[in-house]
Amino acid sequence: MLRAPRAVPAWLAHPFRWQRLPVPWAAVARGALCAGPLLGAGIATGHPAPGVLAGLGSMLAGVNDRPGTRRTGIVHIGLPALASALGMLIGASLQAAGAGWWIVPALFAVGFVSGAGSVAGPVRSNAGMQMLATTILGAGMPLPGAPWTKALYVLAGCLWLLVLRLVLRSPRPAGGALSGERAAVATVFDALADALGAAGGSGAEPARRRLTAALDRADEALRLRRLTSRLLRRPARPEELLLTERFAAATALCEASVALLWEARPLPSRVAESPRRFAEALRTGRPPGRLSAPEASTAARGAFDQALLDAAVVFARREPSPRPEPEPEPEADADAVTEPAPPPSGRPTGAVPPGAAVRRMLGAFAERWTRRGRSLLGPAGRHYGLRVAVCIAASAAVALLLRADHWYWLPVTATFLVKPDLGPLFSRTVNRFAGTVAGVLVFAGAGLLLTGAWWPALVAGAGGALLPFATRHFALQTVAITLMVLSFVDVGGAAPMAFGRAYPHLTALPAAERIVDTSIACAIVLIVGHLPQLADPRRRVGQRVTSALRATERFLRHVLESEPGADPTRRLALRRAAYRALAEARAAAETAAAELLAARDRNPDWLTVVTAAERVVDAATACAVRLDHGAHRPDRQESERLCRALSAMADALEDPRHRRDTDVADPDLRPVPDCATLTDVAAELERMRGYAGAG
């Protein structure tokens, strides 16, 4: 009798996952013109140290060179660039002061700050990681120069790539200066069409998640555009306002589409074709053409047809319509330094006095940074920070004991592994080791085949060109980074690898020592990262899931308690905030599920809880659409019962010691009479209870 094949464990399958992405040829060209030419300029002028530092800065900036608009690129590259320069300043100052073993507690402190920044979003997380890496390199690489000049060289390298990003871009489509923002909004319509095409099938929920991600990217792009206008005290141009209105139409259309997805019935192909016509209109500037005919068979379909008609009216306009400035979007938590922009349905105006706009923007900054500060010092921030700090301090101590002259390789390796938000620890460790070995061997082969003083610059240029493509897999990214770092080390003379040539005044570091250091760093990270107090997924994932449940509860309560005919602006903002929080929680839960020691028997089934919460938001969205079309409004007792059950689950996950004193154990979640959407909400809450009650 044949046995059924066993499923490969997630922790074992994750290292082999490969992302299929289009080749970013513009980024490849930028990468080829960054580290290699900067390093070559240092060699040509006889000043290798500035070339090494500038090349290092451009390499770190290249890691953050991802697709997006010019303004998102400035934020995603600029903030980590400032952090990298600060780290180099700290590290070089430690080296100039002859810190010795005081480097270990100093790196512990910097590592704690870097790890705590992991809860603040991917951009700030990358900034913290690069600050820690440059601190280690600044303290360990014996390059000449004052600390402040080293920091400026690193910053100059980052800015060089940023300048290339603004110059070397893909051919600009129709849309002029707003081409990037138009493309982001067009992607929303494309994702919406994909979601409608998947309605009624198994791919509906993943398609809805991709739609949410596209909405977040477009929202970030438009927010940064508005922030630029505010900072420059420049009134928004008509085309900017018109694009904002079209994004508002996309948001309203997405809400109606979520209600259609909740009905779980296949839709005619012509329904999915209409959003694609809007996407094509945004890209080409031509009218969208004929759309699908209305068919008000259900409340959700009626809402979709109405939203489609409203979008057609918006696309037919050539001038923005005057509207009052709405309230700021609640719970705006995008991972970019932006002001609280008006919701998509609003129109930013240029009539606001500059002083009032600046005061409002500064107040929003203060509120956002206060909230960020509380999260950094909260349980999850402290847990992330302690995990990174202990790993970095332990690896630095071991490195100083083994090789005090070139100790930095070991803690730098740990830096790129231990960040809890970057992926499962075992997967990153395996891929880091494999990528480092491959990179060292390739560099060794290049040293044997190539001669002269220029070959490290050629290798660095090849690694820079490979880096944008290497985002598909961490091992490939490690190969590219290893090639560039070894080129910097070779030219800088900190510990040259004597392949094909020799430095009489320096000691060669064999390739085997690099591999041994990487192995030790991987072992330290695996051991320290899986210590019971540092590997508890409840502290990492629980905080994200709890925050997502509270955002879900706020949205559900608003849907059930808002008055008939109320302005949907706040509802749309709360729904977006809930989906954004759920996306972050899902990413954290998927990472925890792929860990080597996931402790599944002692923790809730995070992925199931998040999936149920996503369905609660879907059903609540469908409920809002039905209520807008005259459906019977549930009484306040039923509404409060559902909201209290969801809030109690969040309380129980946040403080498991009081689980038995909460309503999570209360089985009283009956179906809601005459309301299929709220009956689904109750069913998902009941399902959520069973999986959240573990542990």
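All figures in this text were calculated on a predicted structure; none of them were measured in a lab.

1. Some remarks on the overall build of the protein chain
Here's step 1: Helix and strand content of the protein chain: 25 helices and zero strands.
Here's step 2: For the protein chain, restricting intrachain contacts to residue pairs at least 6 apart in sequence, the fraction spanning at least 24 positions comes to 81%.
Here's step 3: About 28,800 Å² of surface is accessible on the protein chain, with carbon and sulfur atoms providing 63% of the total.

2. Brief notes about the environment of D219
Here's step 1: With respect to the helices and strands, the residue D219 is situated in helix α10 (residues 204-231).
Here's step 2: Taking relative accessible area as the criterion, D219 reaches 3% and is therefore assigned buried.
Here's step 3: Spatially, the C-alpha atom of D219 lies 9.1 Å from that of E181, the residues being 38 residues apart in sequence.
Here's step 4: Setting aside chain neighbours within four positions, we find D219 in contact with R226, F247, R576 and R580.

3. Remarks on the packing of helix α9 (residues 179-197) against helix α11 (residues 238-263)
Here's step 1: Contact pair α9 / α11: the axes reach a minimum separation of 10 Å and the direction vectors enclose 15°. By the angle between their directions, the pair α9 and α11 is classed as roughly parallel. Here the hand of the crossing between α9 and α11 comes out left-handed. From α9, E181, R182, V185, V188, F189, L192, A195 and L196 reach across to α11, where they touch E239, L243, R246, F247, A250, L253, C254, S257, L260 and L261.
Here's step 2: The class makeup of the residues in the contact of α9 with α11 is 13 nonpolar, one polar and four charged.

4. A few points about the nonpolar core
Here's step 1: Core analysis: the biggest nonpolar cluster contains 71 residues, and M59, I136, W407 and F488 have the highest contact counts within it.
Here's step 2: Residue contributions to this core peak at eleven residues, all from helix α19 (residues 474-492).
Here's step 3: Leave out the neighbours within four places in its chain, and I136 touches L107, I392, W407, Y408, P411, V412 and T415.
Here's step 4: Counting residues in hydrophobic clusters, the runner-up holds 44 residues, among them F555, Y579, A624 and M688.

5. Description of the pattern of salt bridges
Here's step 1: All chains considered together, the criterion is met by 35 salt bridges.
Here's step 2: Across the pair R223 and D219 runs a salt bridge, and its minimum N-O distance is 2.7 Å. Here R223 and its partner D219 are both found in helix α10, four residues apart, which amounts to about one turn of the helix. Across this residue pair, the class does not change: R223 and D219 are buried.
Here's step 3: With a shortest N-O distance of 2.9 Å, R557 and E640 are connected by a salt bridge. Here the residue R557 occupies a position in helix α21 (residues 537-561), and E640 occupies one in helix α24 (residues 636-654), the gap between them amounting to 83 residues.
Here's step 4: Exposure remark for R557: the relative accessible area of 22% places this residue in the partly exposed category.
Here's step 5: According to the relative accessible area criterion, E640 is partly exposed, its value standing at 29%.
Here's step 6: Look at the salt bridges and you will find they share partners, linking E205, R208, R209, R586, E590, E614, R615 and D618 into a network.

6. Quick notes on the packing of α11 against helix α22 (residues 569-593)
Here's step 1: Orientation of α11 relative to α22, taken along the N-to-C sense of each, is 70°, at an axis distance of 11 Å. Classified by the angle their axes make, α11 and α22 are roughly perpendicular. For the pair formed by α11 and α22, the contact residues are F247, T251, C254, E255 and V258 on the first element and R571, L572, R575, R576 and Y579 on the second.
Here's step 2: Looking at side-chain class alone, the contact of α11 with α22 contains five nonpolar, one polar and four charged residues.

7. A few points about unusual backbone geometry
Here's step 1: You will see that A264, though not glycine, has its phi angle at about 60°, which is positive.
Here's step 2: Note that A264 resides in the loop between α11 and α12 (269-284).
Here's step 3: Overall, A264 belongs to the partly exposed group, its relative accessible area being 47%.

8. A word on a nonpolar patch on the surface
Here's step 1: Together, I74, W160, V163, L166 and V167 give the surface a local cluster of nonpolar side chains, amounting to about 430 Å² of exposed area.
Here's step 2: Counting residues per element, the nonpolar patch draws most heavily on helix α8 (residues 147-167), which supplies four residues.
Here's step 3: Relative to the assigned elements, W160 resides in helix α8.

9. A word on the environment of L33
Here's step 1: Following the sequence through the fold, L33 ends up in the loop between α2 (25-32) and α3 (35-45).
Here's step 2: On a C-alpha basis, the gap between L33 and S58 in space is 9.6 Å, while along the polypeptide they are 25 residues apart.

10. Remarks on the environment of W262
Here's step 1: In this structure, W262 sits in helix α11.
Here's step 2: Residue classification places W262 among the partly exposed residues on the basis of a relative accessible area of 21%.
Here's step 3: In the structure, W262 is positioned 356 residues away from D618 in sequence and 6.3 Å away in space, judged by C-alpha atoms.

11. A few points about the side chain of R575
Here's step 1: Along the chain, R575 falls in helix α22.
Here's step 2: No salt bridge is formed by the buried R575, whose closest oppositely charged neighbour, E255, lies at an N-O distance of 4.1 Å.
Here's step 3: The contacts of R575, once residues within four sequence positions are left out, are T251, C254, E255, V258, F555, V617 and T621.

12. Quick word on the packing of aromatic side chains
Here's step 1: In total, this model carries four aromatic pairs according to the counting rule given.
Here's step 2: For the pair F189 and F278, a centre-to-centre distance of 5.4 Å together with 45° between the ring planes defines the contact as tilted. Linking F189 in helix α9 with F278 in helix α12, this pair joins segments that are 89 residues apart in sequence. Taken individually, F189 and F278 each receive the classification buried, so the pair is uniform in this respect.
Here's step 3: Here the aromatic rings of F189 and F315 are separated by 5.8 Å at their centres, their planes lie at 75°, and the arrangement is edge-to-face. Taken as a pair, F189 in helix α9 and F315 in helix α13 (residues 299-316) lie far apart in primary sequence, 126 residues in all.
Here's step 4: Judged by its relative accessible area of 0%, F189 is buried.
Here's step 5: Classification of F315 by relative accessible area gives buried; the value is 3%.
Here's step 6: Counting every residue linked through ring pairs, the aromatic cluster contains F189, F278 and F315.

13. Examining the side chain of T482
Here's step 1: Examined against the element boundaries, T482 turns out to sit in helix α19.
Here's step 2: Excluding anything up to four places from it in sequence, T482 contacts W409, G435, T436, G439 and V440.

14. Topic: α8
Here's step 1: For α8, built from 21 residues, the straight-helix expectation of 30 Å at 1.5 Å per residue is met to within 8% by its first-to-last C-alpha distance of 31 Å.
Here's step 2: Of the residues making up α8, those classed as buried are T149, K150, A151, V154, L155, G157, C158, L161, L162, L164 and R165.
Here's step 3: Where α8 is buried, its residues touch α2, α3, α4 (48-63) and α5 (70-96).

15. Focus: helix α6 (residues 103-116)
Here's step 1: Given a rise of 1.5 Å per residue, 14 residues ought to cover 20 Å, and the 20 Å separating the end C-alpha atoms of α6 matches this to within 8%.
Here's step 2: Here α6 has its buried residues at I103, V104, L107, V110, G111, S114, G115 and A116.

Reading the values: rules and limits
Residues numbered from 1 in each chain as written. Predicted model: local features only at pLDDT ≥ 70, side-chain atom pairs only at ≥ 80, totals over all residues. Heavy atoms only, no water. Helix = DSSP H or I, 4+ residues; strand = E, 2+ residues; numbered from the N terminus. Contact = heavy atoms within 4.5 Å. Areas by Shrake-Rupley, 256 points an atom, 1.4 Å probe, with all protein chains shown as cover. Buried < 20%, exposed > 50% of the residue type's maximum accessible area, 1.4 Å probe, protein only. Axes fitted to C-alpha atoms, helices over the stretch in contact; angles between N-to-C directions. Parallel < 35°, antiparallel > 145°, perpendicular 65-115°, else oblique. Left-handed = near helix turned anticlockwise from the far one by under 90°. Nonpolar A, V, L, I, M, F, W, Y, C, P; charged D, E, K, R; others polar. Core = buried A, V, L, I, M, F, W, Y, C linked by side-chain atoms within 4.5 Å. Salt bridge = Lys/Arg side-chain N within 4 Å of Asp/Glu carboxyl O. Patch = residues over 30% accessible without salt bridge, like charges linked within 9 Å, V, L, I, M, F, W, Y side chains within 5 Å. Lys, Arg positive; Asp, Glu negative; His and termini not counted. Phe/Tyr/Trp six-rings, centres within 6.5 Å; stacked < 30°, edge-to-face > 60°. Expected span 1.5 Å × (residues − 1).

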